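# A closer look at the structure
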Amino acid sequence: MGWTVKENGAGAVAAPALYFYGEPSGPRQHIMKHHSHATGERVFMLTYVVQPGDTLASIARRFNTTVERLVALNNISDPDRIDVGMVLTIEPEENGDAGGDPVATRIIGGLLYVLSTPRRTYRRGETISLTLAKVNIQNSPVTLNYPTGQRFDFVVLRDGREVWRWSHGRSFAQVAGRVVLRPGESQTFRVTWDQRNNAGNLVVPGNFVVRGYNVARGLAQQFVSLPVNIAPGMAPAPPPPAGVCPPGNLLRNPDLEEWRDVNTPDSWNGTNIFRTPLSCRGRFAAGMGAIPGRQATLTQSVPGSPGRLYQLSFSAREIPGRPPRGDFTLEAAVFFYDAQGRLISRADPVFSETSIPEACRRFSLTTGLSPARTGRVEVRFIFTPAAGNNNPVAVDEVDLRCI
C-alpha cells in the first residue's frame, strides 16, 4: 500500500512522498492535510479505494471511524451500496489506542505518527511485520533530541501488560543525537515480531495491542497503537537445535593489522578504504573514506548457523581532514545468507551514527535470532559522506561473536 503526504490550500507545497511497501495490488490509501477555514485547524484525512467485499461497516472498523461519519464526509445516499473503485475520504480518530485495522494514526508535538501492519489477524507462529512512520506536518522544522543511538521502539501488550519489546536485550550507542525534520519530511522504521515474548517463548493466541514509540526526549512516553489478533492454529515446528556456539571472535584479521596493500586489508572486502596508523589498538586501522567525498564499504563474511544471536562490537574514531569538516553517516549491520550465498535478511538493529568522536569509542549491537536457513553471516560497514565532507573514519577492533 502507498501513502503520500499532501497539503491543500493557497501557497501550499506538496511534501516528499512517504511509501510503505506491501502487496502492489493492495488497496491504495493516501494521507492528506487540509486547512479548515471555519476552525483554523489542520485536519488530516485518508482517502481509500473501495475493494471487492468491502462494506461501509468494515471500512469504518478498519479505520477506527463510524458509518455515519463516512456517509457525511462522502455524501453517500445509500449506505448499503458502495461500488468497487469508489474513492472514500476518511477522517480517523487521533487517539493513542485507536482500533484501526491495519493502520492507526496520532498527532503528537507537530508530528503525524502512522503505525501499520499488513493485516489484523495472524496464525500462531507467523512473523508479524510492523511499520512506524513519523511525518512533520508543521510549517516549520521539528528538532528531535535523543539521549542514545536508539530512535524508536515497538512494544506488544496483552491485557495491559508488556509481552515483548523490540529494544529488549539490544545495545545502542551511548551517544546523544539530534534529528531535524523539515516540513513534510518523514522517517520510517520497520521491524518484525516472531510472536515470542521477552523470555523467548512463543505467546499464547489471543488479542494483543502493538504500540509504536518515538524515543526522543519529551516524547518517549507518547505512543500510537493498534490491535493485533493471534489465532489458534498449527504451531510452527521448533527451530533446529542451535548447538554450541563457536568460541571467540568469528572474524579473521579482526584488528585490521594485516594488509595485502595500502587499500586492501587481509580477509576483508572494501571500497574506498585505506590503511591508517590512527588505530585504536595496534599499528593500523581501516580508514573509510580514502576520498572523503565518496562512499566507502568494508565487509567480511563468515560461516553462520540458524537460531542464534550474534553480537557485533567495534571501535571507531573520526579523522580530521584538512581543513576538518565532518558531515557523514557511519552504518554497521549484520546480514544473514543461506549456504548458497543468497541474502535472507538484514538483522535488526542497525548501528547508524552521524557523530563519531575523534577519540576512539567502542560500539556494539546484538542481533535477533538468525533465520532458519542461515549458512553465512556478513558484517558490513558503510561510510556515507554528505556534500562537503572532508573527514574519514577509522574502524578497528571488530569483534563478531555467537552468543
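To be clear, the structure that these remarks concern was listed above.
Residues numbered from 1 in each chain as written. Predicted model: local features only at pLDDT ≥ 70, side-chain atom pairs only at ≥ 80, totals over all residues. Heavy atoms only, no water.

### A word on the overall build of the protein
Scanning the protein from N- to C-terminus turns up 2 helices and 30 strands. Burial status across the protein gives 47% buried among its 403 residues. In the protein, the share of contacts with a sequence separation of at least 24, taken over all contacts with a separation of at least 6, comes to 69%. Total accessible area on the protein is roughly 19,300 Å²; 50% of this is exposed by carbon and sulfur atoms. (Helix = DSSP H or I, 4+ residues; strand = E, 2+ residues; numbered from the N terminus. Buried < 20%, exposed > 50% of the residue type's maximum accessible area, 1.4 Å probe, protein only. Contact = heavy atoms within 4.5 Å. Areas by Shrake-Rupley, 256 points an atom, 1.4 Å probe, with all protein chains shown as cover.)

### Digging into the state of the cysteines
Across all of its chains, the model carries 2 disulfides by this definition. For Cys 245, the disulfide goes to Cys 402, at an S-S distance of 2.0 Å. Its S-S torsion of approximately -45° makes the covalent link between Cys 245 and Cys 402 left-handed. Placement of the pair is Cys 245 in the loop between strand 17 (223–231) and strand 18 (259–261) and Cys 402 in strand 30 (residues 393–402), with a sequence separation of 157 residues. Each bonded cysteine in the protein gets a number by its place in the sequence, and the pairs come out as 1-4, 2-3. (Disulfide = S-S within 2.5 Å.)

### Digging into the pairing of strand 23 (residues 296–303)
Walk down a regular strand and you will see the side chains alternate between the two sheet faces. Where strand 20 (residues 269–271) lies against strand 23, 3 bridges are found, and the strand directions are antiparallel. Each residue of the ladder has a partner; that of Gly 270, found in strand 23, is Leu 298. The pairing of strand 23 with strand 29 (residues 376–385) spans 8 bridges and is antiparallel. Each residue of the ladder has a partner; that of Leu 298, found in strand 29, is Phe 381. (Pairing = 2+ DSSP bridges.)

### A word on the sheet that holds strand 16 (residues 206–214)
The strand order across the open sheet formed by 5 strands is 9-17-16-12-13, and the pairing between neighbours is mixed. Where the open sheet ends on each side, the last strands, each with one partner, are strand 9 (121–123) and strand 13 (161–165). Averaged over all pairs of adjacent strands, the angle between their axes in this sheet comes to 35°, without regard to strand direction. In this sheet, strand 16 lies alongside strand 12 (residues 152–158) in antiparallel orientation, the contact comprising 6 bridges. Within strand 16, the residue paired with Val 156 across the bridge is Val 210. (Axes fitted to C-alpha atoms, helices over the stretch in contact; angles between N-to-C directions.)

### Brief notes about the packing of aromatic side chains
For the coordinates displayed, the defined rule picks out 11 aromatic pairs. Arranged with centres 5.8 Å apart and planes meeting at 75°, the rings of Phe 152 and Phe 154 form a pair that is edge-to-face. Summarising the burial analysis for this pair, Phe 152 and Phe 154 share the class buried. Judged by centre distance (5.8 Å) and plane angle (25°), the rings of Trp 164 and Trp 193 are stacked. Of this pair, Trp 164 sits in strand 13 while Trp 193 sits in strand 15 (residues 186–193), and the two are 29 residues apart along the sequence. For Trp 164, a relative accessible area of 9% translates into the label buried. A relative accessible area of 1% places Trp 193 in the buried class. Ring pairing ties together the aromatic residues Phe 152, Phe 154, Trp 166, Phe 172 and Phe 189, which thus form one cluster. The ring of Phe 223 is capped by Arg 106, whose NZ or CZ atom sits 6.0 Å from the centre of that ring. Against the face of Phe 284 rests Arg 275, its NZ or CZ located 4.8 Å from the ring centre. (Phe/Tyr/Trp six-rings, centres within 6.5 Å; stacked < 30°, edge-to-face > 60°. Lys NZ or Arg CZ within 6 Å of the ring centre and 35° of its normal.)

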